[in-house]
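Examination of the molecular architecture
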Amino acid sequence: MKKTVLVSGGAGFIGSHVTVELIEAGYDVIVADNMSNCDRTCFEGVKKITGREDLPFHLVDFCDAAAAEKLFSENKIDAVIHFAAFKAVGESVDKPLMYYRNNLDSFMNVIEAAQKNGCTNILFSSSATVYGEPDVVPVTEQTPRKDATSPYGNTKKMCEDILQDCVKASGGSLKGILLRYFNPIGAHPSALIGELPRGIPNNLVPFITQTAIGKRECLSIFGNDYPTEDGTCKRDYIDIVDLARAHVCAVARMLDGKMEQGCEIYNIGTGRPVSVLELVNAFEKVNGLKLNYRFAPRRPGDVVAIWADPSLANEKLGWKATRSVEDTLKSAWEWEKHIAGR
Ligand code: UD1
């Protein structure tokens, strides 16, 4: 019997890539999204890549408890992967209530509706932001979480706690997995799905590709006086398809009854630190172009350096990041050209 996975927020950047990988791994997928921060581009791309014109889509806002309940009661769902959330750090500082209400309500509604309807496997999309500025790098899952630097980051921590508490309270019936993503970048090799930021991008790679294509005049590199080799911040950039495959491994672990704890936590990263300047240089080299950039003051709230120790995910999920940063940056550029040509 094929298992069915609900992907909440499945029309977005990460959700669409995860949907493709789940389908290719043989799962039935139901996509649900309120389309508040995306259009149909990626959903249409998913259908094209997978050849699944009949892929089920539900326009659902998970803040609406009745709508969440309806979706779970009308479909047999074996596992849910929850992405549906706001994710802009700066916006969350300006509109904290909007972030707390949306990100917490929607997740609680998902957990409640899932449990009520016999779906006992919940995967939550968390972030390395929960580690704040770590005292030691790379970070393992045991590295203490720090106070969040933004309401967005705080919602990730709170959602982690909510799921862990619900798993504990269920007496063993509910299973949870928290995946802590490092910096997801790139696009599907088909260039049919990718990141589609609205307005001015906050994240580095969409800003790079938009500058390269001429949509933005100049990339600002925030800070070149950090205590790193070249003075710019270091991150763990993880290819979006690699990241998506980690979800397939995690879902399989849950559905195949392989979990060793009620709630398991995994870092999803490469273990390879790359500075902002190294990333820019790699982008120029692999795509054979020059990028207009300048050094600018530090961005408030940025951590100096963080990267993952992904060995737990490597061992327990049987998952490993495989794509080089060069190939990923090539895919990001192919995607930018694809959307510019539409
Ligand atoms: C941020 C969030 C993280 C979230 C992730 C989504 C925090 C502190 N960070 O990570 O939670 O999961 O986005 O991908 O909550 N940079 C520039 N110029 C730019 C844009 C970025 O120099 O125009 C630099 C930044 O200073 C940083 C690096 O590029 O050093 C990466 O930035 P970004 O892509 O925004 O990701 P993070 O801040 O690491």
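What comes next concerns the included structure. Here the structure is a predicted model, which is why all the values come from computation and not from measurement.

**Considerations on the nonpolar core**
- Ranked by internal contacts, the top residues of the largest apolar core, which has 45 residues, are L22, L179 and I268.
- The residues contacting L22, other than those within four sequence positions of it, are V5, V7, Y27, V29, I81, V248 and V251.
- Listed in part, the 28 residues of the second largest apolar core include L71, V110, A113 and L178.

**Thoughts on the pattern of salt bridges**
- One pass over the full model with this rule turns up 25 salt bridges.
- D135 is paired through a salt bridge with K146; the nearest N and O atoms lie 3.2 Å apart. Taken together, the residues span a long stretch of sequence, with D135 in the loop between β5 (121-127) and α6 (151-169) and K146 in the loop between β5 and α6 at a distance of 11 residues.
- On the basis of relative accessibility, which here comes to 28%, the residue K146 falls in the partly exposed class.
- Here the residues in one salt-bridge network are R253, E260, E264, E315 and K316, joined through shared partners.

**Let's talk about the layout of surface pockets**
- Its volume calculated, the second largest pocket comes out at about 200 Å³.
- Every residue lining the second largest pocket is listed: E141, Q142, Q164, R253, E260, Q261, C263, E264, I265, Y266, L312 and K316.
- Breaking the lining of the second largest pocket down by element, the ones donating at least two residues are β11 (263-268) and α10 (311-317).
- At 4 residues, the largest contribution of residues to the lining of the second largest pocket is made by β11.

Thresholds, definitions, all that
Here the residue numbering is sequential within each chain, running from 1 through the sequence in written order. In keeping with the predicted nature of the model, local features appear solely for residues at pLDDT of at least 70, side-chain atom pairs appear and are counted solely at 80 or more, and the whole-chain, interface and lining totals rest on all residues. Each side-chain value is derived from all of the structure's non-hydrogen atoms; neither hydrogens nor water enter the calculation. Nonpolar cores are built from buried Ala, Val, Leu, Ile, Met, Phe, Trp, Tyr and Cys residues. Side-chain atoms within 4.5 Å join them into one set. Partly exposed describes any residue whose relative accessible area lies between the buried limit of under 20% and the exposed limit of over 50%, with all areas from a 1.4 Å probe on protein chains only and scaled to the type maximum. Contacts are residue-level and defined by heavy atoms, with any inter-residue pair within 4.5 Å sufficient. For this analysis, a salt bridge means a side-chain nitrogen from Lys or Arg found within 4 Å of a carboxyl oxygen belonging to Asp or Glu. Strands here mean DSSP runs of E at least two residues long; helices mean DSSP runs of H or I at least four residues long; both are numbered from the N terminus. Whether a set of points on the 1 Å grid over the protein atoms alone is a cavity depends on a 1.4 Å probe fitting there but being unable to get out, while an open set qualifies as a pocket with protein on both sides within 12 Å along at least five of seven lines; lining residues are those with an atom within 4 Å of a point. Grid points are joined across faces, edges and corners, and a volume is the space filled by probe spheres set on the points.

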